[in-house]
Each structure stands twice: as C-alpha cells, then as structure tokens.
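What follows is the residue order along each chain.
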Amino acid sequence: MKRFYIIFSFLLLFAVAAFAQTWTTDNFQVTLKNNIVYVAADGVPITEIDAIKFNFIRPISMTATENNADALVIEAVYPPEVYHNTTDKKGIASIKITKVKNGLRFYSNPKWANQVTIQMRDQNEHYFGLLEKLYPDNKKKTDLRGAVVPFDVESQGNRYYENYASATSAFFISSRGYGSFFDTFRRGQYKLAVNGVTEIYHETGTLDWYLFYGPEGEKIHEGYYSVIGKPKYVPLWACGPVVWRDENKGGKDEILQDMKKMTDMKIPLTCWMVDRPYSNGAHEWSKMDFNSKFAHPEKWIKTINEKYGLQLLTWVAPMTFADRDFPGLLPNYKGYMDLTNPAAVAEFEKRLRDNQYAFNVRGHKLDRADENFPSTAIWKDGTREFSSRNKYVYLYTKVIDQFLQNAFGKDQFTFARAAMHRSQPYLSALWGGDSRSTWDGLRCQVINALRSGYMGFPVWGSDVGGYLNSANQGHIPKALYARWLEFGAWSGLFEIKIDNAGGNGKDRPPWVYDEELQQIFRESCQTRMDLLPYIYSNVNTASKNGVAMQPLFYAFPGDDATRDIVDEYMFGHAFLVAPFVAPANRRQVYLPKGTWFDYYNLKPVPGGRTIQVDMPLDRIPVFVRANSIYVTGSVLAGNSKNWQKLDKKIIIHAFPGQVGENTSFDFVDSFDNDHEKLIQLSRATDQLVMQSDPLALGGQVIVRVDAKPTKVVLNDRKASFKYDKTNGTVRLKFPANEKLRLVIQ
C-alpha cells in the first residue's frame, strides 16, 4: 500500500509540473506551478511561496482543485511522516485562498497538524515590523533583514536599551510592497532572509495568513485593519499635552500644586495622569481605590475637571501582587488575574468602577502585563502556554476598554507599553517603555516609534524627558529636555514626565529650569494645542490614512533612499519631522522628491536630496509637503480657560501641488458628532480650487501661492483677502455650516 502511495504521489507531482494554474481576483494573480505559489499584484511579482509546511514537512504535491471567482483551493499532499502523532492517516491539507480588502487570505486547518511554517524565497527584500524593541542586539535600525525574531511578547527588561518596549505583532511590511499577517497568538519564530529563505513559523496547526498589497504603508494597513478591526477612537482631550509624575509622594496636594504652577506659567494642558502608588492594598494598588494621601477624590478630581479643565488618567495593572483576596488569580507571586475567568473580570471592573470611574477617572496607563507572567498556568478557558503570554496582553487591553466603554462610552483613553496585534481596536496608544534620560535614549525612542508604526499601532508616544536616569537623578540637561519636548509635541501621544523614576532625586518640572526652557516647554505645549484638529483627524482616520508617525519608507516606498532613515518621519501626510537626537543645533535632513516648505517661514525647498538645517534650541526641523492640507485652530481650552477665553475657530492650511495634482484631507469635525468632512484641493493651469463639506466652526483659509492672485472667489462671490508677499500666502475668512468652494486665480 505504501509503495502504491509513493508511485501515485510521483505521478501526481509530474502531472502538476506539466502546467501552471493561475487564479485572478481584482488586482491579484496567484499561480501554482511546480509546487510553488507565485503571488503578483498589479502585474508585479511580490512573493514566491516555496512551501507551506505542516509539522515541519514539505508537501510532495500541490494541486488546484477549485478555481473560481470566489477562491482558489489547493490540495497539498504530505508524506506519511507528517501525521506521526495522529490516527488520521490522510496527510492532505486543503488550502483555500480568498480575496480580502487589499489582500489575500490563505487558510487551512488539517486536524492532524500542530505546527505551520510558510517558506518564501528571498527576493532581496527588507522587512519592517514584528516588534518594537531594538532587536536584535540593540541595533538602531528598523530593517530586520537577516534577523531571526522570536514571536513572544516576553519582556526583556533592560537587556535592551529601552526597558520594556514590549509591543509585538505577527505582522511585517516588506520592501516589495506587501504586508504579512499570521493571525494567531501562538508562539513562533520569523527568519527573515536567512540563507536565501524567509520563514514564518507558529506553534499551531491552523494556517490563517494574510498578504496585503500597498505598495504604500497606509494601503497595506488599510487591509490589515479591515481584518483586525479599526483602531480605537481617541478623544480630543487625549490629543493634547498630558503631564505626570512617577510618584506623587505629596498625594493630591502635590498634583493640584503642580497644576496651579503650570497654569500660573500659562502652559496649556488637557490631561493629567496619576501613576502608582495611589491606592490601598498590596503594592499600594490591589484595592484600586485612593488612599489617605488622595482622600476625597470626589473633591480634588472635580477641581481638576472644573477649575483646570483637565481629564484624569490613572495607572492600572492586571495583578494584585501579594494580595490574594481576589477571585480567579493565576498561580504566581505577582497575583495575575485570569482574564478569561468571569469572576476575576467582574471584580476587576467593580473595583475600578466604584473607586475610580465614579469620580470621573477617564482612562488608564496599562502597565505590567509583560513582566513575570505565569505562562504555564492553565486558564479558565483552557488557554495553554503556547499562546498565553501573547493572548494575555491582548485580553488586558480588551477587558479594560470594555470597562471604560461601560462607564463612559467612547469618551475615554488608554495607553500601554505592552501590546499585541488585534489590540488596536481596544488600545488608544502605545508608549515606548522605560527609556533612558539620555541623548541615546531619545534617539532610540524615535526608532521605537517607527518600528511601532510599521506594525500598525497608529498612536505612539514616549515619556518625554525619559524614565530611567541614575546619572543626573531626574534633572536632565536643558538641551536634551528641550529637544525631547519638541519631539513629543510632534508625536502621536504627547505625555511629559516631570520627576525621576520612583520620584527620587531632583524633579524636572519647568519651574526648576531657566526662562528659556520654560518658554520652550510652553511653546511645545501650545504647538500641540494648535495642532489638535490635525492630530484628532489623523488618529481617528488611521484605518484608511495610516499611522500618525509614518516612517519615510512607509510613506515613500518607491524611494530607496528613505529605507534606512530612522531619525525622520511623516506626521500624517502633511509634515516631515526631523527631531534632534544629538546635542547640536545642526543636522542633515533628507527630503523626498517634490517641493517642501519650511514650516516656520514657508520658504520652498526642492526635495530629492539631503540638506543641512540649522535650528535654534526652541525649534526642530519641520517641513510641509506640497500638495497637502492640514488644519489647526482653537478647539479645546484645557487649563488655558484660566487665563484666556477660548475663541473657537479653525484654520485650513492649503499647499497646492503641481498643475494637474490634487489632494484631500479627512477632517473629523469634533463639533459635529465627529462626522468626517472632506476638504479637497486641486490645481489647474490658471486656478487653485479648494472645496469642503460644511464645517461646524468657521475660521480662516491660508493658501500658499506662487504670486499675488488677480481674483479670489468664495462660494461664487468675490472675496476680500490678504496677501503676504513675505511667505507667499493668501488669507481669508470662511463661515461655519456652509459648503465651501474657494477659487484663486
């Protein structure tokens, strides 16, 4: 019988080799030839799948058994040794390929399999994603070509430069314009261009793999988000400056004093965060209430909300430490909760609801899911060690989001240092772990931001000023602080830490520095406030417009010069940001092809080259892309209500491209139930045209032009305008709640 099986298999292999079979759907072409699956998009080859192995065994034949408009089904036959651990002796896997948004899904679930390996031929590719930390070997780059990467969220502590930078994902982007996502929490390993082969391996018998084609990063992520879900909503107040201390040893009084000093200095803020310790119980946390230093939360939180116009966040952890008075704990000295145990989840929610949400705590910093985890513990739902650590990080974000949804609907915010794919619909933002308060720490945080962007985490931020600082005991050098503040203002999440780790040593609030640093602190926060409409719109349209901090190669995949740049990024579609990551006031900046405008004076700068940029201590290089739109304005007061009246308005900034080019901006109107309003800009030979849906706030339009216009028409009526010859702009007012059509000739 075995002899017959072998003869039959060789005959089948010969028959398949004799011809190729191609399946076409939309812009994808999948060809099966000689047991190799060739995938192309828009007629461009993107990958060659040399083998889909189950239990580490290569198939001896692959035959297309269905080829129709809906799917290509491939029957893969494996030799007898593939099913050594099962009574199912067929050794056949049916692999179904179907179309998804911007991509393809490969699915198979043979009962006899428990390991999957996808082996692809190296096409001289470069790979980006998979994990945030500077793996391997603390290398300051985003490219993982040649690396062997374990898929496991297990934190490495300070083995890596950035302590607990723990975002992890079974997703990467290739320089050939595709994204790869293996939908599992099971552990695995990725070999990327090692000995001419790229391998994706997971400890599961289920093949559930997606290929998304861009080639731009935002198109790849658009397909990815259609599978895992749209990223979580971010409220307007969470887009502004957030301030916190690692320890508020002075309790609520210290918090209110800090707020008063910030307000007296006219530093605008929108949110405050209280870190541990602030509770009773083990590790000053397990009761999840406010201890005597923070007594009467109904009073001081009300003061924060009403007097200062800020929202409050708190630190949380999915563990009770030494306190065992809690249902559904896993067997571990840290007291991790079993987040699949309904009793544990119910008690977790009850404590937060009664002790925090009742007093208007609007969200949390999610900590500690990546430390000392009992990976071999058996969960209520039967989850085992193959996936427990990775799945736990995901569940943590999901259950906390549900608690907050139950209390506040969507008007709440969470950020975490540990995250896993599929967390995006439940987690508002990432922060980059416990960074070092050094220039190298700042540099590495920029790289962490780009790595996280490639993975598809749309909102990222760092502890501005750094977290770990033994050398200076909290008081960091002025220039480093200034540059980190400026970088933070142009990050997805802007959170500022004003003390040292553990609250030890000398603090670093702005009032212990000189007037120059105080002014930079103030201006960075004000820049952030001005950018709120732009940031809010970007982070809440990430499912189609991409991550907030976009690596240059993500935004310009056709420009190989951008591939290895790790100290610049696009902030949305309009801005190129080049932070200072060394103690200097001069740096080189690469500008991709096209025209760019200096953000500060609007002078045009031709791209496709590297330029030298000099900046004083109070600025970092920022350039505006031609053929782009961004929106600024006064839309949220925060604590500035104490020194000025909010004049609600927006400013639309339009930078036309070349003749025949057009662009648009998806404006999320926070004053009209968050409806998306399309703002469009086009350029013809003799005129510029900007159009918009009705906007809830009126304001101004500022358009960059080559020369003073002869005529400006707004909504079919001749409009008065101001022309600034120095920066080449036309400025005019526009009304609220009225469709806009602006024509400049």
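Before reading further, recall that the structure is shown in the block above.
So, a few notes on the structure that sits alongside this text. (Residues numbered from 1 in each chain as written. Predicted model: local features only at pLDDT ≥ 70, side-chain atom pairs only at ≥ 80, totals over all residues. Heavy atoms only, no water.)

**Some words on the pairing of strand β24 (residues 493-497)**
Basically, it comes down to this: Burial classes: relative accessible area under 20% of the type maximum marks a residue as buried, over 50% as exposed, and values in between as partly exposed (1.4 Å probe, protein chains only). Only DSSP runs of H or I reaching four residues or more are called helices, and only runs of E reaching two or more are called strands; each is numbered from the N terminus. Paired strands, in this sense, are two strands between which DSSP finds at least two bridges.
In terms of burial, β24 is largely enclosed, as five of its five residues are buried. Burial along β24 is two-sided: L493, E495 and K497 and F494 and I496, pointing in opposite directions, are all buried. The pairing of strand β17 (residues 242-245) with β24 spans three bridges and is parallel. The residue of β24 that forms the bridge with V242 is E495. By the bridge criterion, four bridges tie strand β23 (residues 460-464) to β24 in an arrangement that is parallel. The residue bridging V464 from the neighbouring strand is I496, located in β24.

**Quick look at a positive patch on the surface**
To keep it simple, the criterion reads: In this scheme, patches are assembled from residues that exceed 30% relative accessible area and form no salt bridge. Like charges are connected within 9 Å, while nonpolar side chains (Val, Leu, Ile, Met, Phe, Trp, Tyr) are connected within 5 Å. Residue-level accessible areas treat just the shown protein chains as cover; the underlying method is Shrake-Rupley with a 1.4 Å probe. By definition, a salt bridge exists where a carboxyl oxygen of Asp or Glu is found within 4 Å of a side-chain nitrogen of Lys or Arg. Note on charges: Lys and Arg go in the positive column, Asp and Glu in the negative column, and His and the chain ends are not counted at all. Note on charges: their place is set at NZ of Lys, CZ of Arg, CG of Asp or CD of Glu.
A cluster of like positive charges, contributed by K649, K722, R731 and K733, occupies part of the molecular surface. Relative to the helices and strands, K733 resides in strand β42 (residues 729-734).

**Notes on the sheet that holds strand β13 (residues 178-182)**
Quick reminder of the rule: The convention used is that axes are lines fitted to C-alpha atoms, helices contributing only their stretch in contact, and that angles between N-to-C directions extend from 0 to 180 degrees.
Reading across the sheet, the eight strands line up as β5-β6-β7-β8-β16-β13-β12-β10 and stay open at both edges, with antiparallel pairing between neighbours. Since the sheet does not close on itself, it has two edges, and those belong to β5 (61-67) and β10 (127-131), each with one partner. The sheet shows a mean angle of 20 degrees between the axes of neighbouring strands, direction not considered. Direction of pairing for β13 relative to strand β16 (residues 207-213): antiparallel, over a ladder of five bridges.

**Remarks on the packing of aromatic side chains**
The line we're drawing: Working definition: rings of Phe, Tyr and Trp (its six-membered ring) pair if their centres are within 6.5 Å, and the pair is stacked with planes under 30 degrees apart, edge-to-face with planes over 60 apart, and tilted otherwise.
Per the counting criterion, the structure on display carries 52 aromatic pairs. When the centroid spacing of 5.9 Å and the interplanar angle of 75 degrees are considered together, the rings of W379 and Y392 count as edge-to-face. With W379 in the loop between β20 (361-366) and α6 (388-408) and Y392 in helix α6, this pair connects stretches of sequence that are 13 residues apart. Here the two residues W379 and Y392 agree in accessibility, since each one is buried. Geometrically, the ring pair formed by W460 and F487 is tilted, given 6.3 Å between the ring centres and 50 degrees between the ring planes.

**Quick notes on the packing of helix α9 (residues 515-530) against helix α10 (residues 532-539)**
For clarity, the cut-off: Here the word oblique covers every angle except those under 35 degrees (roughly parallel), over 145 (roughly antiparallel) and from 65 to 115 (roughly perpendicular). In what follows, a contact means two residues having at least one pair of non-hydrogen atoms within 4.5 Å. Throughout, the ten residues Ala, Val, Leu, Ile, Met, Phe, Trp, Tyr, Cys and Pro are labelled nonpolar, Asp, Glu, Lys and Arg are labelled charged, and all others, Gly among them, are labelled polar.
Two elements in contact, α9 and α10, have axes separated by 5 Å at closest approach and are oriented at 60 degrees. It follows from the interaxial angle that α9 and α10 lie oblique. Contacts between α9 and α10 involve R528, M529 and D530 from the former and L532, P533 and I535 from the latter. Residues that form the contact of α9 with α10 fall into these classes: four nonpolar, no polar and two charged.

**Side note on helix α4 (residues 297-306)**
Here is the rule: In this description, the arc belongs to the directions extending from the helix axis to the C-beta atoms.
Along α4, the residues that are buried comprise P297, W300, I301, I304 and N305. End-on, the buried residues of α4 take up no more than an arc of 145 degrees, which puts them together on one face. Away from its buried face, by an angle of more than 90 degrees, α4 presents the exposed residues K299 and E306. On its buried side, α4 packs onto α3 (251-264), β19 (311-316) and β20.

**Considering the pattern of salt bridges**
In the structure shown here, the tally under the stated rule is 47 salt bridges. When the shortest N-O distance is used, the salt bridge between D325 and K287 registers 4.0 Å. Of this pair, D325 sits in the loop between β19 and α5 (342-355) while K287 sits in the loop between β18 (271-274) and α4; the two residues are 38 residues apart in sequence, bridging distant segments of the chain. According to the relative accessible area criterion, D325 is exposed, its value standing at 53%. Among the residues examined, K287 registers a relative accessible area of 31% and is labelled partly exposed. With a shortest N-O distance of 2.2 Å, E371 and R417 are connected by a salt bridge. Taken together, the residues span a long stretch of sequence, with E371 in the loop between β20 and α6 and R417 in the loop between β21 (413-416) and β22 (429-431) at a distance of 46 residues. Relative accessible area serves as the criterion here: at 2%, R417 is assigned to the buried category.

Any functional reading would require information beyond the geometric quantities listed.
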